[in-house]
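Architecture and fold: a report
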Amino acid sequence: MLRTTTKLSGLMLCASAAALIAAAPALAQDSQPASQPVANPTEAAVGNLLQGLVDQGVLKRAKAQTLMNKFHSDISKAPQPAPAAATAPAPAEAGTVAVPYIPEIVKDEITNRVKQDVVKQAKEERWATPNSFPEWTSRIHIFGDFRFRNEGHFFDQPIYQNINGQKVQVGGNELSFVDVNTVNANGGYNTGSNNSTLPPLLNSNKDRNLLRIRARLGFEADIADDWTATIRLASGSDNSPVSTNQTLGGAFAKKSIWLDQAYVKYQPAEGNSLVLGRMPNPFTHTEMVWDDDINPDGIAVNLSHSFHGLGLRATGAAFSIDSAGDATPATATSDEKSGNDGNKWLFAGQIGANYTLKTARPLTLSFDAAYYDYDNIQGQLSPACSNLGSYCLTDWSKPGFMQKGNTLFALRDFTVDPSSQTTTQIYGLASKFEVLDLIAKADFAATDTLHIALTGDVARNLGYSARAITALPIVNNNETCSGAVPAGKGCTDKD
């Protein structure tokens, strides 16, 4: 608004300059003696007004100088009136200044030139057009969405019977699940004999209803030819990578906003791109392997080509899953810091093809094969470490985030000091993850707006080894070990 006001003021100033030029009379200054040379008042007025336009940022200094030079040139080329008969000039009164005559055609030309230049600049920069915005705003695109819903969490309910006057559970869900994500985030859980409290547990049989919202707002800017930059903000109850839902309540406390996406994209042609930053998932996927809310961090390349109705595509990516801090563990000596050993990556590639059958109604068949190599994601059993210490050397290998369903084992192999039974344990993934994912899809266009699609997805972890897992001190897979396993022991050591 300030820039627009300044520009409009400049336009008024320019119009004033044009009017003064057109109406400039022969002026006299009584304050100066006749013998002292005085500058042309019209020239001085034009110069002062052009300087005012420069000071307000309406004209650039070079443009103002060009207009002034044109003014001088037009004056020098203007036709001069026929000389009068030679007569003795009348004596000038004291204090009178003689001003050269400027033809009306010259003054009109100068007025029009200045007006045209300023109006042209105003239109180009859109600061003098009603209900318009500066040109650079047309390169920014705003997008977003909002959702409000009642979300229900429903569980298998326990079944009770009254036996001998006692309420006894005889069926339904009777299991309790440790919230390992919280255990690891809080620095571990004391599994020693001196601890009688339960670890954090997940809700497994109490139904709940929650009011939740999701709000997302993004900005995409065209920063150069074929280059765009995108930033998207989103709501969320926490920094979970798999949800942007915000639970309402909390005594009306303010809600958090997170950086959900931030990336630059180079796209020289449709279907061919290079993406850097925190980006939308570039892979064809289903929710069996990828949650739709995940925005991976790293670099991705997409290539595609079509001919004779057959479309081919390939995607490659390197995503940073976790990076150990420079000072991790905090109390370790420099030789024991994690360094790059604590970095976790996902290296992935996918190839795919699709073909549209030329039937009465289009039928598109597609197939994609992806391979996901999760580097350094498997937990590492530590060398023997004292239970009195604040860390063990492989603490970095605990997962930064997890949900449910993966086999876990105790990372710290404690040497218990007789003076304390405290053994604060953390947990890591027992298996490697090298996932082969095959997706097939048939999409039938019943009408222009109605599609019927059938999708099949088969995924297999090629890094899984039952023998390797059973050699670890696992804690949550009793079927594999046929019984609970003490922390720090493998399946074969449980007896």
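Residues numbered from 1 in each chain as written. Predicted model: local features only at pLDDT ≥ 70, side-chain atom pairs only at ≥ 80, totals over all residues. Heavy atoms only, no water.

Let us look at the environment of Ala430. Relative to the helices and strands, Ala430 is located in the loop between β20 (427-429) and β21 (433-445). For Ala430, a relative accessible area of 1% translates into the label buried. (Helix = DSSP H or I, 4+ residues; strand = E, 2+ residues; numbered from the N terminus. Buried < 20%, exposed > 50% of the residue type's maximum accessible area, 1.4 Å probe, protein only.)

In this section: the state of the cysteines. Covalent bonding between the sulfur atoms of two cysteines defines a disulfide. One pass over the structure, following the stated rule, counts one disulfide. Two residues, Cys385 and Cys392, share a disulfide whose sulfurs are 1.9 Å apart. For the disulfide bridge between Cys385 and Cys392, the dihedral angle about the S-S bond is near 60°, and by the sign convention the bridge is right-handed. For the residue pair Cys385 and Cys392, the accessibility class agrees, reading buried in each case. (Disulfide = S-S within 2.5 Å.)

So, about the layout of surface pockets. What the second largest pocket holds in volume is close to 270 Å³. Forming the boundary of the second largest pocket are 20 residues, of which Thr328, Pro329, Asp395, Trp396 and Lys398 lie nearest the centre. The greatest single-element share of the lining of the second largest pocket, amounting to three residues, is contributed by helix α5 (residues 180-185). Grouping the amino acids of the lining of the second largest pocket by side-chain chemistry returns seven nonpolar, nine polar and four charged. (1 Å grid on protein atoms, 1.4 Å probe; cavity = no way out; pocket = protein on both sides within 12 Å on 5 of 7 lines; lining within 4 Å. Points joined across faces, edges and corners; volume = space filled by probe spheres on them. Nonpolar A, V, L, I, M, F, W, Y, C, P; charged D, E, K, R; others polar.)

Let us now look at the pattern of salt bridges. On inspection of all chains with the given rule, the structure shows 10 salt bridges. Here Arg232 and Asp260 are joined by a salt bridge, their closest N and O atoms 2.4 Å apart. Taken together, the positions of Arg232 in strand β8 (residues 227-234) and Asp260 in strand β10 (residues 258-269) put the pair 28 residues apart, joining distant regions of the chain. In terms of burial, Arg232 and Asp260 fall into one category: buried. (Salt bridge = Lys/Arg side-chain N within 4 Å of Asp/Glu carboxyl O.)

So, on to a nonpolar patch on the surface. Judged by side-chain polarity, Phe367, Tyr371, Leu436, Leu438, Val458 and Leu462 come together as a nonpolar surface patch covering roughly 510 Å² of accessible area. Taken together, the elements giving at least two residues each to the nonpolar patch come down to β15 (363-375) and β21. (Patch = residues over 30% accessible without salt bridge, like charges linked within 9 Å, V, L, I, M, F, W, Y side chains within 5 Å. Areas by Shrake-Rupley, 256 points an atom, 1.4 Å probe, with all protein chains shown as cover.)

Looking now at the pairing of strand β2 (residues 159-163). The sheet contact formed by β2 and strand β3 (residues 166-171) spans five bridges and is antiparallel. Bridge pairing links Ile159 to Gly171 in β3. In sequence, β2 turns back onto β3 through a hairpin of two residues, with Asn164 there showing a positive phi of about 55°. (Pairing = 2+ DSSP bridges.)

Moving on: the environment of Arg313. Position of Arg313 among the secondary structure elements: in strand β13 (residues 310-322). Of the residues examined, Arg313 reaches a relative accessible area of 24% and is grouped as partly exposed. Measuring from C-alpha to C-alpha, the distance between Arg313 and Gln350 comes to 8.2 Å, with 37 residues separating the pair along the chain. Excluding its chain neighbours within four sequence positions, the residues that come into contact with Arg313 are Thr284, Leu303, Ser304, Gln350, Ile351, Gly352, Ala353, Asn354, Ser366, Phe367 and Asp368. Within the structure, the side chain of Arg313 is placed 3.0 Å from the side chain of Asp368, a separation counted as a polar contact. (Contact = heavy atoms within 4.5 Å. Polar contact = N/O pair within 3.5 Å; in protein donor to acceptor, adjacent residues only side chain to side chain.)

Detail in the predicted coordinates should be disregarded across regions flagged by low pLDDT. Averaged over the chain, the pLDDT score is 82; the fraction of residues at 70 or greater is 79%. Low pLDDT (under 50) marks residues 1-8, which in the prediction has 11 contacts with non-local residues, meaning those over four places away or in another chain. Low pLDDT, under 50, characterises residues 482-488; the stretch is placed with 16 contacts to residues that sit more than four places away or in other chains. (pLDDT = per-residue confidence, 0-100.)

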